[in-house]
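# Report on the structure
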Amino acid sequence: MKAGVVHCRCSKCYSVPARKRVRKRTPGLSLLSLPEEIVLYVLQCLSAEDLLSVRAVHSQLRDIVDHHSSVWARVSFRDTWPSPDALWLFERAAEKGNFEAAVKLGIAYLYNEGPLLSDEGRADVCGQKASHFFSLAESLRSPTADPFIWVFIRPPWSPTGSCCKAVVFDRLKAECDDNVVGRGPLLHCLARVLQLFEEGERRSVAVSLLEESSQAGCLQSSYLLWEHRRKAAMADPGRYLQCVRTLRDYAGKGCWEAQLSLAKVCISGNPLGLEAKACSDLVSQLFTSSSPASPHAAQNILRRGIKDSMRYILVDWLVEVTTMKDFSSLTLHVTIGCVDRYLALRSVPKARLQLLGIACMVIKSSVWLTDNTYKYEDLVRMMGEVVSVLGGRIRNPSLLDYGEVLLALVPLDRRSSHLFSYICELSLLYSALASPPPARLACAALLLTRALHHHALLWPTLLADHTGFSKEDLVPLCVLLYANCFSPDVPKDYRHVCLTGVKQRFEDENFQQISREKVMDFKELCQILEVPEVEPQVEPPSPTGQPADLHTFLASPSSTSKRRDDSMQAHRGSFVATPTAELSNQEETLLGEILDWSLDTSCSGYEGDHEETSMTSIHLQPLTSADQKLENCRSQSSDEDSFCEADGEVKDGRGQENLTFSTDLHSSGYSSVQSVSPSSSSSLMPCTFQTLSSSPGSSTQPGFRLLVPLQRPRGSRQVKRKNVAAHSGGEVEEEHSANAGFLSL
């Protein structure tokens, strides 16, 4: 700066550097900075694997996880099964009050699936551990659910004495003798098991156990005792009046079975002496208070990726299994109810949808329904998933339960009763009809039945007073039922075979062939119901624009011939109720009788389980039959069962002719293998199975060798199948000859 020069403070000669504004950073938010209540809520929503990962992050998180039982009680074990490495995690969660962990541990030890135990003393060790965790699960079940662990230890038991179910029963009985507090549900389960035996001594012991359970405060046992004493009390009017008053007390405490029985009693005779208005109000309260088994079930199922077509296929398949095994309609309704409630809460890949249906039916019927379609461990684990997700609540009021009350109120003739049952089972096929409460749907089905059979009064005042629903309330649902159940557009599988399992079920003489009855058209129905002819928009359950999806999922479990041949219904009891391969006439002649016909685990009539098409070839050794006989067999075969000219005759290296039967695993449903008369020869003929991959360039690998007997012994022995992972320490599973392919749990 020069001397004598004075600079002013203006902006031209002197500029002050601008001060930079430093933006303060907010301190980073982490999980540890949140209140402990929020941290606990976040940790309770994690899976078991994620919880262990979070626990290893920080010592403070480890302390929170270790010192709060609520975290372990609510941690999720979805798609996780007890294994030797994770056994400690399941046991810790179960002891802290986790219902899912306790259920899965009990089932894992009962069926010996998961934990590694030595063969020596396996039934005793597994039974002791299973009884502990089953007892723990029973104490942790939902308060609204009935005691359920008896489902897993019910007969049949092994006659050899080394039965894990029997060990669990004895251990639970000893626990009830030692522990007086909270033994009511366990005694109820023990009594339910003994009631299933045929011996009179065990049934008398079951009654005494029910009395002890009732005294311990188990409401379900009190109701079963009421059922047991009802017939004896009906002879004395005074005792019967006191019996009905007791039933009213049970109904007021929330026992839904008692509520249904009380409604039937009030309808039949009104022994309580109530006024007509009070009696009708009591019954109508039962119908109006009915809630859907799964609120918004249809929306939840669709949101989780299960299309209407997928559910339709599954229900149609379950109907055919019910028909072939002569299960009751109640078993079918309860099974599908469990399926819908599970799908509303959990997403299931389409490849495991049939497994879900099988597991639900096994839980309800206690019959092993797979013939190598799924692995043993897959079914056991799915059963654990279903029971844990449903919170132990297996049985809910169904459409049939409310239907019994309605038919007791306004009896129908036999043919109309069959039509009502037919409509009820048709309603199971459509997910849109799973949302309405079962009581309201039963009333709509009754209204539709009376309209189709031209009853003089469609909805009498008696029905309106006792149900709380007027005719105008039920007409929209009635029209929706008609539009779905009697639509001419029947869904078809990828082979263009109509899925009509319910229709075929009610073509039986026991139902007076009610499904063949001609139904009035929609215009006439609207005239009878006195409503405008506005047909509701119903989306077809079959996605016609997705051929790829049709091929991978929409396949009927039944064969084309079974769907079209009415004579097959007469031989329903001889079917193998699990899909296997179907043999044509000439194949049955050449193969003769096969005592234990079963394919590998990839064979399933439920085509949604497979993404690739594979073929199985059966190479037989040279037969003694002449070439003319073989040509005759070929000429008599149909187009579907005809031999492939390229593979029909194969010359081996010795110049001998081998016969090859190529069977597409995606072309058959239930097995139509029938019993044929034994041949005169008693020799065994080796048979080799080979799997041919559909991908190009794949090599053919030899499979297992099967001895095909040409004569069955005179004594009809029972077929026994021993699973590698067999439970109960060598428990013998027996099958009746008419029910081949089924094992009882």
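In this text the structure is predicted, and so the values were computed from the model without any measurement.

In total, this model carries 19 salt bridges according to the counting rule given. Lysine 264 is the partner of glutamate 404 in a salt bridge, and the nearest nitrogen-oxygen pair spans 2.7 Å. Taken as a pair, glutamate 404 in helix α21 (residues 399-409) and lysine 264 in helix α14 (residues 256-268) lie far apart in primary sequence, 140 residues in all. Exposure remark for glutamate 404: the relative accessible area of 43% places this residue in the partly exposed category.

As a general rule, the predicted coordinates of low-pLDDT regions are not to be interpreted in detail. For the chain, per-residue confidence averages 74 on the pLDDT scale, and residues scoring 70 or more make up 65% of the total. Under a pLDDT of 50 for its full length, residues 542-745 has, in the predicted model, 429 contacts with residues more than four places off or in other chains.

For the coordinates displayed, the defined rule picks out 14 aromatic pairs. Residues phenylalanine 287 and tyrosine 402 carry aromatic rings whose centres are separated by 5.6 Å and whose planes lie at 55° to one another, so their mutual orientation is tilted. Residue phenylalanine 287 is located in helix α15 (residues 276-288), and its partner tyrosine 402 is located in helix α21; the two are separated by 115 residues in the primary sequence. Accessibility classification places phenylalanine 287 together with tyrosine 402 in one group, the buried group. Here the aromatic cluster, defined as three or more aromatic residues joined through ring pairs, consists of Tyr422, Tyr482, Phe486, Phe506, Phe511 and Phe522. The ring of tryptophan 150 has arginine 192 sitting right over it, with the charged end atom 4.1 Å from the ring centre. Here the basic side chain of arginine 202 rests over the ring of phenylalanine 197, its NZ or CZ set 4.0 Å away from the ring centre.

A surface patch of nonpolar side chains, amounting to about 210 Å² of accessible area, comprises Leu34, Ile38 and Val42. Examined against the element boundaries, isoleucine 38 turns out to sit in helix α1 (residues 36-44). What makes isoleucine 38 partly exposed here is its relative accessible area of 43%.

Here the focus is the packing of helix α19 (residues 353-365) against helix α20 (residues 376-389). Orientation of α19 relative to α20, taken along the N-to-C sense of each, is 75°, at an axis distance of 9 Å. Relative to α20, the element α19 lies roughly perpendicular. Residues Leu355, Leu356, Ile358, Ala359, Cys360, Val362 and Ile363 of α19 touch α20, and the partners they reach there are Asp378, Leu379, Met382, Met383, Val386 and Val387.

The next thing to look at is the packing of helix α18 (residues 329-345) against α21. At a minimum axis separation of 9 Å, α18 and α21 run at an interaxial angle of 135°. It follows that α18 is oblique to α21 by the angle criterion. On α21, the residues that touch Ser329, Leu330 and His333 of α18 are Leu399, Leu400 and Asp401. Here the residues of the contact of α18 with α21 are counted per class, giving three nonpolar, two polar and one charged.

The rules behind the values
- Residues numbered from 1 in each chain as written.
- Predicted model: local features only at pLDDT ≥ 70, side-chain atom pairs only at ≥ 80, totals over all residues.
- Heavy atoms only, no water.
- Salt bridge = Lys/Arg side-chain N within 4 Å of Asp/Glu carboxyl O.
- Helix = DSSP H or I, 4+ residues; strand = E, 2+ residues; numbered from the N terminus.
- Buried < 20%, exposed > 50% of the residue type's maximum accessible area, 1.4 Å probe, protein only.
- pLDDT = per-residue confidence, 0-100.
- Contact = heavy atoms within 4.5 Å.
- Phe/Tyr/Trp six-rings, centres within 6.5 Å; stacked < 30°, edge-to-face > 60°.
- Lys NZ or Arg CZ within 6 Å of the ring centre and 35° of its normal.
- Patch = residues over 30% accessible without salt bridge, like charges linked within 9 Å, V, L, I, M, F, W, Y side chains within 5 Å.
- Areas by Shrake-Rupley, 256 points an atom, 1.4 Å probe, with all protein chains shown as cover.
- Axes fitted to C-alpha atoms, helices over the stretch in contact; angles between N-to-C directions.
- Parallel < 35°, antiparallel > 145°, perpendicular 65-115°, else oblique.
- Nonpolar A, V, L, I, M, F, W, Y, C, P; charged D, E, K, R; others polar.

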